[in-house]
Amino acid sequence: MAVRPSSQASPLPRAPKRLTAALQGDPKSLGTEAGTFARPLRGLLHAGLANPDERGYVRAQLAEAVPTVENGLWKLLPDGRMETTWRIHSGAQWHGGSPFTSDDVLFTAQVAQDRELPSFRDAAYASVESVVAPDPLTVVVTWKTLYINADQLFGNPLPRYLLAVPAREEKATFTELPYWNLSFVGTGPFQLKEWVPGIHVLLTANDAYPLGRPVIDELDVKFIPSSNTLITNLLAGDVELTLGQTLSFDQALEMRDRWQQGHVEVVPRPGWTVIYPQFTYTNPPAVADVRFRRALMHAIDRQEMVDTLVAGLSSVAHSLLPLGRPDYADIKARAPRYEYDPRMAAQMIEELGLVKGADGGWVDSAGKRLSVEVRTSGENDNNVKALHSVVDYWQRAGVAVDAVFVPSQQRDREYLATFPGFILSRHTADETYFVNFISAKVATRENSFTGGDTGYHNPEYDELYERYSRTIPLQERIEALGKLDYHLADQAVAMGLYYDNLVAVIGNRLTNVVVPQYYGTQFTWSAHLWDVSG
């Protein structure tokens, strides 16, 4: 019987989907030593066995799964050691078609432990006993001790077939190889087609990406260091997405009202504006008394600061842990809160034995006026505005304040570390920052004053941190983290004001772009899902 030709016409090939984005910078390299502006680009071009996504959750990329105690790939051994096992996607490959195998992972570990390649050194390997590959798609890491970030060990793997010889024979110039820019070969959702320094990079979809071929066929990333030029390009319709660190808060508010082709989102990120008290070089002595620090917190109307300084587009920071993580919600809710209450503040200061003087200021039994110094960066507009507000609140509460605005050229570590009263800063606010409050991090002359900001030394906190750092099961680790979070808030060691903002600039044609919590590689974790319409 004859076969009739199908009457159904073959579908017409669709037009390629293209997107133009911008990076507010001009990266020279994609190496690990490259600056902040290179991270989103590296995230587009490269993937690891696993990496944090836009919300900070570690998710598999080239691996089939992230090792966990629950799935059996993370084993706690009876002698205090542990073992993590990685299974690589069978189809994982480098751009150009070379297979990605366990040999590449072993090579990455070798480079990360090479003292002659300091840019690639990874402190995590101090806890590693061995890295072995039973077969081309399996890697087993044996750890000397418990290490909670073991699931992020291979976030930026290296190609053995391209870099083994220069890593051995060209150590002095290893980071200057064309591989790190014009000839970059990665494993990410997009691959490099063209790199014109100072102008742009042109990327095309990686058909073999293990999480799925990107929906966008071609991605043009312009290098635009100037924020004013970036705004001009956005308003002209020449750019539809900004990557990484981008417009300032004030510029974002302006663009939100002017940009018709897209929308500007201002969301809290894991950073905060915070006051740190001094615990080592304290003056006056009242700073060391937790009752005084709690009183000063009650004296600040932090919600008013949010409303006036960041247009209500943030929230009061009651504790160090960030917003946006549902698994942290319960432990964050337990942290003490210091609501605005001037009467409570006055009562707590009175309990220290101070009395109001004739001018309304607090004085001690000898008639000495209570006065504190607060420092901040004189070049950071956010910090300057925040400090002026804090000074006003504390002076209203009867506390004399000496505001010191430190110039950017002040590099003396001893001066910076030995502030006598308080320092107002912008810092990371997530689980990675708790280590800075252990006693081993205190800035001293012996360590050239390179420790933490507060000089905090507390055996109870040290013990809590040690317990947290050795707790592997996720839910138990989160509970341990909650105790650290509570301690810092309860003792007013980290006196949070409000969370920082992150600006995301996204064109109306785009879908599936996840607003990140972090500037950096995580912004692009879901890049293979981005889509455009029209």
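Worth saying up front: this structure is predicted, and the values here are computed from it rather than measured. (Residues numbered from 1 in each chain as written. Predicted model: local features only at pLDDT ≥ 70, side-chain atom pairs only at ≥ 80, totals over all residues. Heavy atoms only, no water.)

## Some words on the sheet that holds strand 4 (residues 74-76)
Then, in step 1: As summarised here, the arrangement of the four strands in space is 4-5-7-6, forming an open sheet in which the pairing is antiparallel. Pairing within the sheet leaves two strands with one partner each, and these edge strands are strand 4 and strand 6 (128-135). Taken over all neighbouring pairs, the strand axes of this sheet differ in orientation by 15 degrees on average, direction set aside.
Then, in step 2: In the sheet, strand 4 pairs with strand 5 (residues 82-87) via three bridges, with the strands oriented antiparallel. The residue bridging L76 from the neighbouring strand is M82, located in strand 5.
Then, in step 3: Against the sheet, helix 2 (residues 102-112) engages strand 6 and strand 7 (138-143), with an angle of about 165 degrees to strand 6. (Pairing = 2+ DSSP bridges. Helix = DSSP H or I, 4+ residues; strand = E, 2+ residues; numbered from the N terminus. Axes fitted to C-alpha atoms, helices over the stretch in contact; angles between N-to-C directions. Contact = heavy atoms within 4.5 Å.)

## Topic: the pattern of salt bridges
Then, in step 1: Per the stated rule, a full pass over the model turns up 26 salt bridges.
Then, in step 2: Among the ionic pairs, R426 bridges to D500, the shortest N-O distance being 3.3 Å. Of this pair, R426 sits in strand 17 (residues 422-428) while D500 sits in strand 18 (residues 495-507), and the two are 74 residues apart along the sequence.
Then, in step 3: Residue classification places R426 among the partly exposed positions, given a relative accessible area of 35%.
Then, in step 4: Taking relative accessible area as the criterion, D500 reaches 3% and is therefore assigned buried.
Then, in step 5: The partner of E463 in a salt bridge is R467, with the nearest N and O atoms 3.1 Å apart. Taken together, the residues span about one helical turn, with E463 and R467 both in helix 12 (residues 459-469) at a distance of four residues. (Salt bridge = Lys/Arg side-chain N within 4 Å of Asp/Glu carboxyl O. Buried < 20%, exposed > 50% of the residue type's maximum accessible area, 1.4 Å probe, protein only.)

## Concerning empty space enclosed by the protein
Then, in step 1: This model, assessed by the stated rule, comprises two cavities of 30 Å³ or more.
Then, in step 2: What the largest cavity holds in volume is close to 70 Å³.
Then, in step 3: Around the largest cavity sit L30, G31, T32, R42, H46, F120, N156, P157, L158, Y179, W180 and F184, which together line it.
Then, in step 4: Class assignment of the residues belonging to the lining of the largest cavity gives a composition of seven nonpolar, four polar and one charged.
Then, in step 5: As a volume, the second largest cavity reaches approximately 50 Å³. (1 Å grid on protein atoms, 1.4 Å probe; cavity = no way out; pocket = protein on both sides within 12 Å on 5 of 7 lines; lining within 4 Å. Points joined across faces, edges and corners; volume = space filled by probe spheres on them. Nonpolar A, V, L, I, M, F, W, Y, C, P; charged D, E, K, R; others polar.)

## Looking at the packing of helix 2 against helix 3 (residues 160-169)
Then, in step 1: Contact geometry of helix 2 with helix 3 gives a least axis separation of 10 Å together with a crossing angle of 30 degrees. Comparing their axes, helix 3 and helix 2 come out roughly parallel. Handedness of the crossing formed by helix 2 with helix 3: left-handed. Across the interface between the two elements, D103, D104, L106, F107, Q110 and V111 of helix 2 pack against R160, Y161, L163, A164 and A167 of helix 3.
Then, in step 2: Looking at the contact of helix 2 with helix 3, its residues break down into seven nonpolar, one polar and three charged. (Parallel < 35°, antiparallel > 145°, perpendicular 65-115°, else oblique. Left-handed = near helix turned anticlockwise from the far one by under 90°.)

## A short note on helix 7 (residues 302-309)
Then, in step 1: When we look at burial in helix 7, the residues that qualify are R302, M305 and V306. All buried residues of helix 7 project into a common sector of 100 degrees when viewed along the axis, lining one side.
Then, in step 2: Packed against the buried residues of helix 7 are helix 6 (290-298), helix 10 (381-396) and strand 18.
Then, in step 3: Following helix 7 by one or two positions, A311 has its phi on the positive side, about 55 degrees. (Arc of directions from axis to C-beta.)

## Some points on the nonpolar core
Then, in step 1: By size, the foremost hydrophobic cluster in this structure holds 103 residues, and its most contacted members are L41, L44, F154, L203, L241, F437 and W530.
Then, in step 2: Not counting the four nearest positions on each side in its chain, F154 is found in contact with G48, L49, A50, W86, V105, A109, Y125, V131, V139 and V141. (Core = buried A, V, L, I, M, F, W, Y, C linked by side-chain atoms within 4.5 Å.)

## Regarding the environment of R14
Then, in step 1: Mapped onto the elements of the fold, R14 is located in the segment before strand 1 (18-23).
Then, in step 2: Not counting residues within four places of it along the chain, the set of residues in contact with R14 comprises R213, V215 and D217.

## Considerations on the pairing of strand 18
Then, in step 1: Where burial is concerned, most of strand 18 is hidden: 13 out of the 13 residues are buried.
Then, in step 2: Two strands pair when backbone bridges link them, and strand 12 (residues 262-277) and strand 18 are joined in this way by eleven bridges, in the antiparallel orientation. Paired with E265 across the two strands is A504, which belongs to strand 18.

## A short note on unusual backbone geometry
Then, in step 1: Cis geometry is adopted by the peptide bond preceding P284, which originates at N283 and carries an omega value of 5 degrees.
Then, in step 2: One can find P284 in the loop between strand 12 and helix 6.
Then, in step 3: Phi at A492 takes a positive value of approximately 50 degrees, unusual for a residue other than glycine.
Then, in step 4: Considering the arrangement of structural elements, one finds A492 in the loop between helix 13 (474-490) and strand 18.
Then, in step 5: Residues other than glycine seldom take positive phi values, yet N512 does so here, at roughly 65 degrees.
Then, in step 6: Mapped onto the elements of the fold, N512 is located in the loop between strand 19 (510-511) and strand 20 (531-532).

Just geometry here; none of it tells us what the structure is for.
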